[in-house]
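Examination of the molecular architecture
Spelled out from the first residue to the last, the chains are:
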Amino acid sequence: MVAAGPFAPGHLGELTRIVPFDLVDAVLEETGARERRLRLLPSRVGIYFLLALGLFPRPGYLTVWAKLTAALDGLGLAVPSSKALRELRGRIGIAPVEPLFGVMARAVGQPGPAGAE
């Protein structure tokens, strides 16, 4: 399933160009973290939010959300509350992070140098 609307590929900034939606969806499916019903904040968006939290560790949830969705300004996207973002993070859990990191670390690292394998 390809995201449409405001959460379509590319709309969440550079993260969706580096970490493809199909990879995120596969990891969510593999780890059982995919949502069971349509939500305003889908699990795949939660993964990008978790990644953004890693890139911006000091600001609060709402500031990180604003950075993540800056390209969506003017589309009328509702801003979730800190509580909604906290619940999204809790719903996804940590299970998808390790396999996603494993795939991405291999994709970016070059064979040979220490730590890339």
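This is a predicted model, so every value here is computed, not measured.

**Things to note about helix α3 (residues 43-55)**
Between the first and last C-alpha of α3 there are 19 Å, a value that for 13 residues agrees with the 18 Å anticipated at 1.5 Å per step. Ser-43, Arg-44, Val-45, Gly-46, Ile-47, Tyr-48, Phe-49, Leu-50, Ala-52 and Leu-53 are the residues of α3 that are buried.

**Quick word on the environment of Leu-41**
Along the chain, the position of Leu-41 falls in the loop between α2 (21-31) and α3. Residue Leu-41 is classed as buried on the basis of its relative accessible area, which comes to 11%. Taking C-alpha positions, Leu-41 is 8.5 Å from Pro-80, a pair spaced 39 residues apart along the chain. In this view, Leu-41 contacts Trp-65, Pro-80, Ala-84, Leu-85, Leu-88 and Arg-91; residues no more than four positions away in its chain are not counted.

**A word on the packing of α3 against helix α5 (residues 82-92)**
It is at 9 Å that the axes of α3 and α5 come closest, and there the two elements cross at 105°. As judged from the angle between their axes, α3 and α5 are roughly perpendicular. In this structure, α3 uses Ser-43, Gly-46, Ile-47, Phe-49, Leu-50 and Leu-53 to contact α5, whose residues at the interface are Leu-85, Leu-88, Arg-89, Arg-91 and Ile-92. A class-by-class count of the residues in the contact of α3 with α5 yields seven nonpolar, two polar and two charged.

**Section: the packing of aromatic side chains**
The final tally for this structure, using the stated rule, is three aromatic pairs. On the basis of an interplanar angle of 90° and a centroid distance of 5.4 Å, the ring pair of Phe-49 and Tyr-61 is categorised as edge-to-face. Here the residue Phe-49 occupies a position in helix α3, and Tyr-61 occupies one in helix α4 (residues 61-68), the gap between them amounting to twelve residues. Judged by its relative accessible area of 0%, Phe-49 falls in the buried class. Through a chain of ring-to-ring contacts, the aromatic side chains of Phe-49, Tyr-61 and Trp-65 assemble into a single cluster. Between Lys-67 and the ring centre of Phe-56, over which it is positioned, the NZ or CZ distance is 5.0 Å.

**Concerning the confidence of the model for the protein chain**
Per-residue confidence for the protein chain averages 81 on the pLDDT scale, and 78% of its residues sit at or above 70. Mean pLDDT across the elements of the protein chain bottoms out in helix α1 (residues 15-18) (81) and peaks in α5 (93).

**Topic: the nonpolar core**
Counting 24 residues, the largest nonpolar core has Val-19, Ile-47, Tyr-48, Phe-49, Trp-65, Leu-68 and Leu-100 as its most contacted members. Looking at this core, the elements with two or more residues in it are α2, α3, α4, α5 and α6 (97-108). Looking at which element gives the most residues to this core, the answer is α3, with seven residues.

Definitions and limits used
Residues numbered from 1 in each chain as written. Predicted model: local features only at pLDDT ≥ 70, side-chain atom pairs only at ≥ 80, totals over all residues. Heavy atoms only, no water. Helix = DSSP H or I, 4+ residues; strand = E, 2+ residues; numbered from the N terminus. Expected span 1.5 Å × (residues − 1). Buried < 20%, exposed > 50% of the residue type's maximum accessible area, 1.4 Å probe, protein only. Contact = heavy atoms within 4.5 Å. Axes fitted to C-alpha atoms, helices over the stretch in contact; angles between N-to-C directions. Parallel < 35°, antiparallel > 145°, perpendicular 65-115°, else oblique. Nonpolar A, V, L, I, M, F, W, Y, C, P; charged D, E, K, R; others polar. Phe/Tyr/Trp six-rings, centres within 6.5 Å; stacked < 30°, edge-to-face > 60°. Lys NZ or Arg CZ within 6 Å of the ring centre and 35° of its normal. pLDDT = per-residue confidence, 0-100. Core = buried A, V, L, I, M, F, W, Y, C linked by side-chain atoms within 4.5 Å.

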